[in-house]
Every structure is written in structure tokens, then in C-alpha cells.
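Chain by chain, the residues:
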Amino acid sequence: MSYQNILFQSEAGIARITLNRPDRLNSFTDAMHAELRDALSHVKGDGSLRALLLTGAGRGFCAGQDLSEREVPPGMEPVDIGATIERNYKPLVLTLQTLPMPVVCAVNGVAAGAGANVALACDIIVAAKSASFIQAFCKIGLLPDAGGTYFLPRLVGTGRAIGLALTGDKLSAEQAAQWGLIWKCVEDSELSATVEALLQQFAAAPTRALAATKEALHASAGNTLKAQLDVERDLQQMLGRSADFQEGVAAFRAKRPPRFSGR
Ligand code: T3D
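Since the structure is predicted, the reported quantities are computational estimates derived from the model, not experimental observations. (Residues numbered from 1 in each chain as written. Predicted model: local features only at pLDDT ≥ 70, side-chain atom pairs only at ≥ 80, totals over all residues. Heavy atoms only, no water.)

Novice: Can you help me understand the sheet that holds strand β4 (residues 60-62) in this one?
Specialist: Strand pairing in a sheet is mediated by backbone hydrogen bonds. Such pairs are either parallel or antiparallel. Sheet architecture is open: 4 strands sit in the order β4-β6-β8-β9, paired in mixed fashion. Looking along the sheet, the strands with just one partner apiece sit at the ends: β4 and β9 (170-172). If you compare each strand with its neighbour and ignore which way they point, the axes differ by 20 degrees on average. Where strand β8 (residues 132-134) meets β9, 3 bridges bridge the pair, whose relative direction is antiparallel. When the bridges of β9 are listed, Ile 134 appears paired with Lys 170. (Pairing = 2+ DSSP bridges. Helix = DSSP H or I, 4+ residues; strand = E, 2+ residues; numbered from the N terminus. Axes fitted to C-alpha atoms, helices over the stretch in contact; angles between N-to-C directions.)

The structure is reproduced here in C-alpha cells:
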């Protein structure tokens, strides 16, 4: 499939997806979703990949759903957005959360509506100081989707989640970092170097251990302590048989840096 709405590259263990409709602040269209699905299925199927980057082209990260696709002439049936969520947003969010590798999101500018919440579905979110997060849904008569009602209260607590969702106020990247919504806010000029260093770190990391860590942390939201201890036991048992665990132990014993293969 050739891509018109995203850029996709994969090299040296790192896949990079750039949302690429800068004149529309990279808002999502059906066509962009189809391309994202295709690119992410390549990422899932390529065993050599050990980290994924998601970012946006131009001055924005993503302004959510392209609203020009939601305008209907008077008298016509509105678009069934339950169906578009099922087809587009739900698989996108679930895929980003469950990919067996770290997903780094470089928020280069405004992230609004589903654009903000797709960023929150990633594992490590680094935002440029000039970026912002806007739960824009209430301004157009919708509720936060793309996982917003799940991620927000878990990341910043119910009080702040409700405030963000009911006002649609812009949250600066600095405040987002202070509130724990994202991993880090950096100077605009430092965004790409910061993200690149993370990607290189992850591309040389014990990938299965990082994937299992994601899985366990996400499972904990719905688990009792006892159930979570079982999750940890089972995943650790699997990791205990991995080549990377053997390498980690051998490198520690030999007082040398480990050379993880991701297996
Ligand atoms: O429908 C379903 O399937 C359900 C799922 C829904 C998910 C959602 O995401 S709903 C929420 C949709 N998003 C929004 O409501 C945000 C709309 N955009 C904005 O509020 C503002 O653009 C921003 C606050 C994000 C940025 O403001 P600003 O002043 O920096 O930029 P701008 O001038 O508004 O936007 C630049 C251009 O991008 C502009 O086009 P123009 O005038 O230069 O030709 C603007 O119309 C366009 N644009 C921005 N966001 C969207 C968009 N075009 C279509 N859809 C957009 N979402």
C-alpha cells in the first residue's frame, strides 16, 4: 500500500510513523486510518522491530477527527460515528497499547480531540514546550473518545480529568508533565534529540521484558493485588527463559555492558 496521509519508515529496529496532513493539523480521515492500520500491521509482523515512534508533520501533532468528514447536508443522515470508532479509533488505540515494544509519542504541537487521546495511548509521551493537549470534544457536542475517559482519570485523577473534559481548556505541555499526563516536556529545539535517544535506548533493550512490563502495568488497572502477583509470576517465568535474561545475567557477572538481542 502506498501512503498519502502518513510517512512510514523502518530501519535498524525502529519504526517511525508521521501523521502527514500538516495543512489540516494532521487530523484523522478514513484514508489516514486505513494507512495507519496497514503500517501498524507491518510493525506487528516485523520481528526485527524493537521500538515505534509516532509524531506529526508541521506545527501540530493531530487535531483529532477531520470534521469536514462529519458535515452532512441538511436532511441527510449523520455519519454513524459509533461505526467509525469501532472501525478506526478502537483498533488504533488497542494496537498502540498492546504492541510488544515501547511506543514513543513525540508531541510536536497541538494534540486535540482524538489526537490528544491517541497520544495518551502511547507508552512514553514527550512533548515540545509549545505543544498542548485539548479535550476538544465538549466544544462540538461529543464526549472524549479514543480512550480519553479511560486514560485521563488514571493518569491525572478524576478531578483533573473532569475539568479537562468538561471545559475543553488547553493544557500546556509543561502543565501536562507536571500533572503526570505525559513523561516529559522539553524545549522545542530538544524534542527530536530527546526522542531519538529514547528510541536508540529501546532499540538496544530487552524488548520482551519491556513488552511484558507494558502488559503487566496495563493489566494492573483491573486487577486485585493477588491477581496482579499472578500476572507478574507468569510473565516473569516466561522472561526467565529468554535469551536476554541469560545475557543480562552473564553481562552483570562479567562486569560488561549487555548486548540484548530482543529475544
Ligand atoms: O467522528 C468520529 O469518528 C468520532 C471521533 C471523534 C474524535 C474527535 O477527535 S472529535 C474532535 C475533533 N477535533 C476538534 O474538534 C478540534 C478542532 N480544531 C481546533 O479546535 C483547532 O484547530 C485547534 C485548537 C486544534 C488548533 O487551533 P489553531 O488556531 O492553532 O489552528 P486552526 O487555524 O484552527 O487550524 C489550522 C487549519 O486546520 C484550519 O484550516 P484553514 O482555516 O487554514 O483552512 C482548520 O480548519 C484545520 N483544522 C484543524 N482541526 C481540524 C481542521 N480541519 C478539519 N478537522 C479538524 N479537526
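Novice: I'm lost on the site of the ligand in this one. Help?
Specialist: Contacts to the ligand come from 23 residues, most closely from Gln 65, Leu 67, Arg 70, Thr 84 and Ala 114. Take Arg 24: an N or O atom from its side chain is 3.1 Å from an oxygen atom of the ligand. Between the ligand and Thr 84, the relevant distance is 2.5 Å, taken from an oxygen atom to a side-chain nitrogen or oxygen of the residue. For the shell around the ligand, the elements supplying multiple residues, two or more each, are α2 (81-98) and β6 (110-112). Examining the composition of the shell around the ligand, we find that 3 residues originate from one element, α2, more than from any other. (Near = heavy atom within 4 Å. Polar contact = N/O pair within 3.5 Å; in protein donor to acceptor, adjacent residues only side chain to side chain.)

Novice: Quick question: what am I supposed to make of the sheet that holds strand β3 (residues 51-56) here?
Specialist: As summarised here, the arrangement of the 6 strands in space is β1-β2-β3-β5-β7-β10, forming an open sheet in which the pairing is mixed. The outermost strands of the open sheet, each flanked by one partner alone, are β1 (6-11) and β10 (184-186). Neighbour to neighbour, the strand axes of the sheet diverge by 15 degrees on average, direction disregarded. Bridging between strand β5 (residues 103-107) and strand β7 (residues 124-128) involves 4 bridges; their strand directions are parallel. The partner of Val 104 across the bridge, within β7, is Ile 124. In this fold helix α7 (residues 191-203) packs onto β2 (14-19), β3, β5, β7 and β10, with an angle of close to 165 degrees to the strand it touches most, β7. (Contact = heavy atoms within 4.5 Å.)

Read these as layout, nothing more, since geometry by itself doesn't imply function.
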